[in-house]
Amino acid sequence: MADITPLFPDEQSQKDEALAKLTDEHDSLDLESPRKACLSCGADLSNSTKYRRLRVCPTCGYHYTISARRRIAAIADEGSFKETSKWIQSLDPLEFSPRISYRVRLLQDQSSTGLSEAAVTGTCSIGGTPVVVIVLDSSFLGGSMGVVVGEKVTLALELAARRKMPCVAMVTSGGARIQEGVLSLMQMAKTTLAARALKDKGQAFIVALSNPSTGQVLGSFASMADIIFAEPGSHIGFSPLGDLREIDGKRVDTEHTAEAYLERGHVDAIIERDHLKHELASVLDIISPEFRLTSSRRLALEVVTSQPREAWEMVKLARRPDRPRARFYIDNVFANFFELHGDRVFTDDESVIIGLARLGGQSVMIVAQQKSTLPLDSDVDPSAPRMGEITPGGFRKARRGVILAETFKIPVITIVDSPGPRLGIDMEQRGLAGAVARMIDQMGRVKTPTLSILIGEGGSEAALAFGLADRVLMLENAIYTPIAPERGAQSEMSDPSKASDIARALKLTSVDCVEMEFVDGIVPEPESGAHSSPREAARLLKRSLMRELSDLTVKNTNTLVRRRQKKYRKVGEYGSRFRTALRRETKAWQVGLAAGVRAFRQAGDSDNGPEFVDDDVEMLYDIDVKGDEELDVT
């Protein structure tokens, strides 16, 4: 501990003395005390600064167990930590003593760890951002959650909500505090509700899971976090390994690790211990924005003159394999991008990218559709998503990003480039229809500015679900279509080769979409297309996004939601565009009828028949459409 700033010198010396005493009395495996050789790879640790400070093997990266005090020292700015709820200690509410008295167990762990309980709470700053911190220490009764742990965690979460500060929790916990019976179980409800109250206040909750992270803590407030990190190789799961082996009747190994949890969408990132402070500081900096993007002057609407191209030519341009995709624009338009992972249910769809970033100093949440680079005939798993088809997990992942943006009060920028949802029986069973509907609902009611940009294929439900926004832009050669032209040609003409004709009829180009008022503006591309000069395309896109975002961020969020919902309510209803079309058709019909009447009169005159009086006819058909109140459309 001499290599770390002593945050608690008196208590730390007591802890060191207790540890030394226990080591002399018991010949047991102690992962916290310094070692000369790594237990995992056998490497020499005696000269490793990384091991002495953080208990991480520099050769194999094995993360040893460390104490709560050492964890705090590893992430807190020097001298900034102030402990709260320090003197709350556990009693023995059930007088539990079947083998060893609960009071004796508490005294033993208090003596060996120097802690009053398994939780240490307080305030500190991480990279200059003030936070409330919660740390659980598995060396104290396994880090299990009893009444005092639940109370300290709840008080810390309530403190963060009251002071409007983010909360960071570092968890190592295993098993249940059975010595406190149902009282211990009730702490799950108390801490979970406290975490929800913090989220309702719009404050971020970040959790870092270490080895082990199981049981009641993981099943309550730890899984309520907005962002979840994990240390490499950590044992994570609701049930301990021993219980799973007993239930499943087989050895459980890699299925219960941080890496497996990341793959299944339950963890956002695996962060090594020596990088944790930097990552925490970066994320806290983005989700606690101090700056807003504004314009130096009122900008006039930019009118883009589109290249005169046929619809089918634009379809082919939008589908080019070398056309810049979402990941390229994220890297070249935005700064400080930190990617988040998973839908928190079952999967992490790689065709959807979500993450925090900055645009012109403004913090934003990016929700993007990413096409793969695999050709359709490549030798890969046929069940894997290809070419940007979105799975139900992808829609849930995107919805999670939108919810986080609302929690952090930052704008959402969606990037659309997908042929549509991934279809199949498996997708139906995973709830594809419901996932699409909930994404549309979330985009429609989210109380934060939303901006969408179509960069390639805007395919059917996937484009709509991601593109329902306050402002919708399209790159010049992007397309927006309810169905692939080939499928449309097969359906309507039984001939896929007629796709070019269907593409023209679908009105899927950027110019068509702006004329129909589905899209608000066109972003210009380099003369030959975005693929010819990707960096220039990124520059033009960044300029347009900053222009639109500077306008949206100054508007009231309730006004934005109301206008957004009104905008989509008006799609297809009787309106000014419909009146104009109807007036045009009525005038043409009136002129034709009048010409017919005149021809009839002339024919009557040539036959010397009786003169036809058409005053009543002309009056009857002299129609003038002037407004909503004068025309009843049924």
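*Asks:* So, helix α16 (residues 460–467): which residues are in play, and what are the values?
*Replies:* Where burial is concerned, most of α16 is hidden: 6 out of the 8 residues are buried. For α16, the complete set of buried residues consists of Ser 460, Ala 462, Ala 463, Ala 465, Phe 466 and Gly 467.

*Asks:* Break down the pairing of strand β12 (residues 412–418) for me, citing the residues and quoting the values.
*Replies:* Burial of β12 is extensive: 7 of the 7 residues sit out of reach of the surface. Residues Val 412, Thr 414, Val 416 and Ser 418 of β12 are buried on one face, and the alternating residues Ile 413, Ile 415 and Asp 417, pointing to the opposite face, are buried as well. Note: strand β11 (residues 362–369) against β12, 4 bridges, orientation parallel. What sits directly across from Val 367, in β12, is Thr 414. Relative to strand β13 (residues 450–459), β12 is paired through 6 bridges, and the arrangement is parallel. Of the residues in β13, the one forming a bridge with Ile 413 is Leu 451.

*Asks:* So what's going on with the nonpolar core? Residues and values would help.
*Replies:* Of all hydrophobic cores here, the largest spans 132 residues; its most connected members are Phe 205, Phe 221, Phe 229, Phe 334 and Phe 395. Among all residues touching Phe 205, those that are not within four sequence positions of it are Leu 157, Cys 167, Ala 169, Ala 195, Leu 198, Phe 221, Met 224, Ala 225, Asp 226 and Ile 227. In terms of nonpolar packing, the next biggest core, distinct from the first, is built from 7 residues, Val 315, Ala 318, Ile 479 and Ala 503 among them.

*Asks:* Break down a nonpolar patch on the surface for me, with residues and values.
*Replies:* Side chains of Val 182, Leu 185 and Met 186 sit close together on the surface and give an oily, nonpolar patch of about 280 Å² of accessible area. Position of Leu 185 relative to the elements: it lies in helix α6 (residues 181–200).

*Asks:* Any chance you could break down the pairing of strand β2 (residues 119–126) for me, citing the residues and the numbers?
*Replies:* Across the 8 residues of β2, 8 count as buried, placing the element largely inside the fold. Side-chain alternation along β2 places Ala 119, Thr 121, Thr 123 and Ser 125 on one buried face and Val 120, Gly 122, Cys 124 and Ile 126 on a second face that is also buried. Here strand β1 (residues 82–84) pairs with β2 via 3 bridges, running antiparallel. Among the inter-strand pairings, Thr 84 is bridged to a residue of β2, identified as Thr 121. Examined bridge by bridge, β2 and strand β3 (residues 129–136) share 8 bridges and lie antiparallel to one another. For Gly 122, the partnering residue across the bridge sits in β3 and is Val 133. Joining the antiparallel neighbours β2 and β3 is a turn of 2 residues, in which Gly 127 adopts a positive phi near 60°.

*Asks:* Please provide a residue-by-residue account of helix α5 (residues 147–163), values included.
*Replies:* Residue pairs spaced three or four apart in an α-helix point in one direction, given the helix's 3.6 residues per turn. Between its terminal C-alpha atoms α5 stretches 24 Å, which fits the 24 Å expected from 17 residues at 1.5 Å a residue. Taken together, the buried positions of α5 are occupied by Val 148, Val 149, Gly 150, Lys 152, Val 153, Thr 154, Ala 156, Leu 157, Leu 159, Ala 160 and Ala 161. Check the buried side of α5 and you find it contacts β1, β2, β3, β4 (167–173), α6 and β5 (205–214). Backbone geometry just downstream of α5 places Lys 164 in the positive-phi region, at approximately 55°.

*Asks:* Break down the packing of aromatic side chains for me, citing the residues and quoting the values.
*Replies:* Centre distance and the angle of the planes are the two values used to describe a pair of aromatic rings. Across all of its chains, the model carries 5 aromatic pairs by this definition. On the basis of an interplanar angle of 80° and a centroid distance of 5.7 Å, the ring pair of Tyr 51 and Tyr 64 is categorised as edge-to-face. With Tyr 51 in helix α2 (residues 49–54) and Tyr 64 in the loop between α2 and α3 (68–75), the pair connects residues that are 13 residues apart, well separated along the chain. Above the face of the Tyr 51 ring, Arg 55 is positioned so that its terminal group lies 5.2 Å from the ring centre.

*Asks:* Before we move on, can you summarise the confidence of the model for the chain with the specific residues and values?
*Replies:* Within the chain, residue pLDDT values average 84, and 81% of them lie at 70 or more. Here helix α23 (residues 615–621) stands out as the element of the chain with the lowest mean pLDDT, 44, in contrast to strand β6 (residues 227–230), whose mean of 97 is the highest. pLDDT under 50 marks residues 1–16. Its contacts with residues more than four places away, or in other chains, come to 27 contacts. Note on residues 611–634: pLDDT under 50 across the span, and 28 contacts to partners over four residues away in sequence or across chains.

*Asks:* Outline a positive patch on the surface, listing residues and values.
*Replies:* On the surface, Arg 562, Arg 563, Lys 566 and Lys 570 cluster together into a patch of positive charge. As for its placement among the helices and strands, Lys 566 is situated in helix α21 (residues 557–569). Overall, the relative accessible area of 56% leaves Lys 566 in the exposed class.

*Asks:* An account of empty space enclosed by the protein is requested, with residue identities and associated values reported.
*Replies:* In this approach the atoms are scanned with a rolling probe the size of a water molecule, which exposes any empty space left behind. For the structure shown, the criterion picks out 3 cavities of 30 Å³ or more. Quantified by volume, the second largest cavity comes out at close to 40 Å³. For the second largest cavity, the full set of lining residues is Ile 66, Arg 71, Ala 74, Ile 75, Met 170, Glu 231, Arg 273 and Leu 276. For the lining of the second largest cavity, the element with the highest residue contribution is α3, accounting for 3 residues. Among the residues making up the lining of the second largest cavity, the classes are represented as 5 nonpolar, no polar and 3 charged.

*Asks:* Residues and numbers for the pattern of salt bridges, please.
*Replies:* As enumerated under the stated definition, the model contains 34 salt bridges in all. As a salt-bridge pair, Lys 371 and Asp 417 come within 3.6 Å of each other at their nearest N and O atoms. With a gap of 46 residues between them, Lys 371 in the loop between β11 and α13 (392–408) and Asp 417 in strand β12 connect regions that are remote in the sequence. Each member of the pair, Lys 371 as well as Asp 417, is classed as buried. Within this structure, Arg 319, Lys 371, Asp 417, Glu 457 and Glu 486 form a network of salt bridges that share partners.

What counts, and at which threshold
Residues numbered from 1 in each chain as written. Predicted model: local features only at pLDDT ≥ 70, side-chain atom pairs only at ≥ 80, totals over all residues. Heavy atoms only, no water. Buried < 20%, exposed > 50% of the residue type's maximum accessible area, 1.4 Å probe, protein only. Helix = DSSP H or I, 4+ residues; strand = E, 2+ residues; numbered from the N terminus. Pairing = 2+ DSSP bridges. Core = buried A, V, L, I, M, F, W, Y, C linked by side-chain atoms within 4.5 Å. Contact = heavy atoms within 4.5 Å. Patch = residues over 30% accessible without salt bridge, like charges linked within 9 Å, V, L, I, M, F, W, Y side chains within 5 Å. Areas by Shrake-Rupley, 256 points an atom, 1.4 Å probe, with all protein chains shown as cover. Salt bridge = Lys/Arg side-chain N within 4 Å of Asp/Glu carboxyl O. Expected span 1.5 Å × (residues − 1). Phe/Tyr/Trp six-rings, centres within 6.5 Å; stacked < 30°, edge-to-face > 60°. Lys NZ or Arg CZ within 6 Å of the ring centre and 35° of its normal. pLDDT = per-residue confidence, 0-100. Lys, Arg positive; Asp, Glu negative; His and termini not counted. Charge placed at Lys NZ, Arg CZ, Asp CG, Glu CD. 1 Å grid on protein atoms, 1.4 Å probe; cavity = no way out; pocket = protein on both sides within 12 Å on 5 of 7 lines; lining within 4 Å. Points joined across faces, edges and corners; volume = space filled by probe spheres on them. Nonpolar A, V, L, I, M, F, W, Y, C, P; charged D, E, K, R; others polar.

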